[in-house]
Amino acid sequence: MVSIGTMTDSRAIMLTIGTDEGFEGRYIEDDVMVVDQLCADPAILTDIVAAAVLGEDPTFRERIWQRLARLQRLHLTRFHDRILAVVDVALWDLAGHIHAQPIAHLIGAFRDEVPAYASTMMGEAKGPLSTPEGFGEFALQCRERGFGAFKLHTWAPLLTGDVDWRRDAEASRAVREMVGSEMKLMLDPWHFYDRYEALSLGRAIEELDYFWFEEPMSESSMSNYAWLCENLSIPITGPEIADGRVQARADWIRHGACDVARAGVLDIGGITPLLKFTAMCEALAVPYTLHLGGIASLHVLATSAMNGWFYERGLLHPNLDIDAVPAWLASPLEIMDSRGMMTLPVGPGLGYDLDQDYMKQHVEVLRETSLD
């Protein structure tokens, strides 16, 4: 495990798993819940994960995943699903290197390009995303770049909870008025509303022909979402980060708490359970959308005969270069053309092309473990 630092003090974790034959699989993740937990407690990997993985056949990903998932019961405050996901994706990348194939090809590819949507950063107190007009102007910028869809993350101060559904509605209207009717629009107000505020906001964006309404309330109450689905015609997505992995999403579908099911690689513990989620949605003819971007999500979307709607590119901001290549890569990994289509990487595994000089200068080895 290594920690990658940059001049701006941003960090990421890279987990590498190797075999006796010299193959390596790795996964790089900058999610703060993963980075902070593993940097503070690297023994999660050396004492818990390594004991379950080392000496195992790396092709037995399901067995390894089930073993690790059971071990979580003993480490509920330390070994969460996002860390389990890092291990699982690294094993999939390893399989790709063993077989010299992209992960999507190992699973069974359906397409080699996926439409993307622009997913904004949260509304801010000052700056380009501080006003409804600012969101509208950014939507125009994203449309010009090629995006066919745009999602607002509106104002939701995480400490004060000081939010107003009317302001969210105003921003939603400003975006629709600026981009016109051709661009698909979605809204995620960051789950701070009660059911009646959520209903009022949902009705406002129904009139604006929004494509979906995402996480307007806490996901702790599935019945609230079932009530919202009954009272709105706009599709409701969910759950996003609710505990329970695939089983929880099956319950949401069964109880009518979502119109579009939602999950992500990090949310449910990796690619292995995410494939079960997409298969479940296909079997039930329920559309789905994947939470968060990340190259692992792109591989999964490329394997599904169902649309999966879009690949989420974010979180984006007018002051950031949408197409900037991370310093640790020698070549781009997220490639989007002028039509807003993401190209599936053709390299083995996830498709990383690491800048080895950068890695030598910026990598700090936190802990290594082997059978020796």
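Not measured: the values here are computed from a predicted model. (Residues numbered from 1 in each chain as written. Predicted model: local features only at pLDDT ≥ 70, side-chain atom pairs only at ≥ 80, totals over all residues. Heavy atoms only, no water.)

**Points about the pairing of strand β5 (residues 149-153)**
Worth spelling out the cut-off: Three exposure classes are used, based on accessible area relative to the maximum for each residue type with a 1.4 Å probe and protein chains only: buried under 20%, partly exposed in between, and exposed over 50%. Numbering of helices and strands runs from the N terminus, with a helix taken as a DSSP run of H or I at least four residues long and a strand as a DSSP run of E at least two residues long. A pair of strands counts as paired when DSSP detects no fewer than two bridges linking them. Looking down the strands as they point away from the viewer, one classifies a crossover as right-handed if the path from the first strand across the helix to the second runs clockwise.
Here β5 lies mainly inside the structure; 5 of its 5 residues are buried. Where burial is concerned, the two faces of β5 agree: the one with Ala 149, Lys 151 and His 153 and the one with Phe 150 and Leu 152 are both buried. Sheet topology places strand β4 (residues 113-122) next to β5; 3 bridges connect them, and they run parallel. Bridge assignment links Met 122 to a residue of β5, and that residue is His 153. For the segment spanning β4, helix α6 (residues 132-145) and β5, crossover handedness is right-handed. Two strands pair when backbone bridges link them, and β5 and strand β6 (residues 184-188) are joined in this way by 5 bridges, in the parallel orientation. When the bridges of β6 are listed, Lys 151 appears paired with Met 186.

**Here's the deal with the pattern of salt bridges**
Which entries qualify depends on this criterion: A carboxyl oxygen of Asp or Glu within 4 Å of a side-chain nitrogen of Lys or Arg is what we treat as a salt bridge.
By the definition in use, this model includes 19 salt bridges. Of the charged contacts, one joins Glu 113 and Arg 339 as a salt bridge, the two residues approaching to 2.8 Å between their closest N and O atoms. Taken together, the positions of Glu 113 in strand β4 and Arg 339 in the loop between β11 (311-316) and β12 (341-343) put the pair 226 residues apart, joining distant regions of the chain. Judged by relative accessible area, Glu 113 falls into the partly exposed class, the value being 26%. A cluster of three or more residues bridged by salt bridges with shared partners is formed by Lys 151, Glu 214, Glu 240, Arg 262 and Glu 312.

**A few points about the nonpolar core**
Filter applied, for reference: Residues enter a nonpolar core if they are buried and are Ala, Val, Leu, Ile, Met, Phe, Trp, Tyr or Cys, with the set joined through side-chain atoms within 4.5 Å.
Counting residues in hydrophobic clusters, the biggest one holds 111 residues, and the most contacted among them are Phe 150 and Phe 277. Top contributing element to this core by residue count: helix α4 (residues 81-99), with 10 residues. Counting residues in each nonpolar core, the second largest holds 5 residues, with Tyr 117, Met 186, Trp 212 and Phe 310 among its members.

**Some details on the side chain of Ser 221**
Let me state the cut-off plainly: A 3.5 Å cut-off defines polar contacts: any pair of N or O atoms within that distance qualifies, except that in protein one atom must be a possible hydrogen donor and the other a possible acceptor, and neighbouring residues in sequence count only when both atoms are side-chain atoms.
With respect to the secondary-structure elements, Ser 221 resides in the loop between β7 (212-214) and α9 (222-231). Within polar-contact distance, the side chain of Ser 221 engages the side chain of Ser 223 at 3.1 Å. Polar contacts involving the side chain of Ser 221 include one to the main-chain amide nitrogen of Asn 224, which spans 3.2 Å.

**So, the pairing of β6**
Along β6, 4 of the 5 residues are buried, which leaves the element largely enclosed by surrounding structure. Note: β6 against β7, 2 bridges, orientation parallel. For Leu 187, the partnering residue across the bridge sits in β7 and is Phe 213. A crossover connection joins β6 to the parallel β7 through helix α8 (residues 195-206); in handedness this β-α-β unit is right-handed.

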